[in-house]
Amino acid sequence: MGSTRPWSRWRTVRGRSPSWPDGPRRRQARRNRWRRWSAAALAATAVLVTVGAVRPAPAGGAGEPTLVMVRDVAAGARLATEDVAVAPRARGQRPAGAMASVEAAVGRVAASPLAANEVVTPARLVGDDLLAGQPEDRVAVSVPVLDTAAVGVRAGQHVDLYATGTGALAATDVVVLAVREAQESAGLGTAAPARVTLALDPTQAGEVAKAMSALQAGQSLIVAVRRGA
């Protein structure tokens, strides 16, 4: 008998190339290949995660930090930490001057009722910064008005207020402390009218309150800018 040649141990299958027996060395080689492939896949994943972490957020993405109401608060209530929270809002849903931190609002008083999910602006709150320089008896009152943009109402101007429907003069020659433009409806919410915050003495505040109580649903006051204001 002649010696067995090395290649005689190959298995030949009809129509296929011969293959080496599945021995320990071959199994070890397969394991090594799998380890190399797994290491390469993990490295690629790490690179993708790192790139995603350092890449700047796309414009119009998550939005800007914005202070919103967590629950309804009545006018005159002093805001507490649990009343407000910071949430992202897109620029189109974030009015100019919107607050961005809880600390900016806690301890201040609501100038008018604040609803849950409403964006908080300085015009909606009474504070020393709004009334700085005003006479001691002045109070800050926020009222809904028609179309502030059309007449160019801005802080520091002197204006008159008229009640829609009756046309009665509600206040005359009062100082505008802040302006909030009208907000369009977002989702299932309702649109918010434009508002102005005014510095009023007790008599003026009473007259404005009467005018507001006579307004029908959806009505607002009319603001008129005084000449030279």
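Conventions we followed
Residues numbered from 1 in each chain as written. Predicted model: local features only at pLDDT ≥ 70, side-chain atom pairs only at ≥ 80, totals over all residues. Heavy atoms only, no water. Helix = DSSP H or I, 4+ residues; strand = E, 2+ residues; numbered from the N terminus. Buried < 20%, exposed > 50% of the residue type's maximum accessible area, 1.4 Å probe, protein only. Contact = heavy atoms within 4.5 Å. Areas by Shrake-Rupley, 256 points an atom, 1.4 Å probe, with all protein chains shown as cover. Expected span 1.5 Å × (residues − 1). Arc of directions from axis to C-beta. Salt bridge = Lys/Arg side-chain N within 4 Å of Asp/Glu carboxyl O.

Draft legend 1. Fine view of the overall build of the chain. Each helix and strand counted, the chain has four helices and nine strands in total. In sequence order, the secondary structure elements of the chain are arranged as α-β-β-β-β-α-β-α-β-β-β-α-β. Within the chain, the proportion of its 229 residues that are buried is 31%. Restricting to contacts in the chain with at least 6 residues of sequence separation, those with at least 24 account for 57%. A total of about 14700 Å² of accessible surface is found on the chain, and carbon and sulfur atoms cover 57% of it.

Draft legend 2. Representation of helix α4 (residues 202–213) within the structure. For α4, which comprises 12 residues, the first-to-last C-alpha distance of 16 Å matches the rise-based estimate of 16 Å (1.5 Å per residue) to within 8%. Among all positions in α4, only Q204, V208 and A211 are buried. Projected onto a plane normal to the axis of α4, the buried residues spread over an arc of 60 degrees and lie on a single side. Opposite the buried face of α4, by more than 90 degrees, sit the exposed residues P202, T203, K210 and S213. Looking at the buried positions of α4, the neighbouring elements they touch are β5 (139–145), β6 (158–163), β7 (169–180), β8 (194–200) and β9 (221–225).

Draft legend 3. Local environment of the pattern of salt bridges. Following the criterion strictly, the structure yields 10 salt bridges and no others. The partner of E82 in a salt bridge is R71, and the shortest N-O contact between them spans 3.8 Å. Highlighted residues: E82 in the loop between β1 (64–69) and β2 (84–89) and R71 in the loop between β1 and β2, separated in sequence by 11 residues. Ionic pairing is found between R138 and D137, a salt bridge with its closest N-O pair at 2.8 Å. With relative accessibility at 25%, the residue R138 sits in the partly exposed group.

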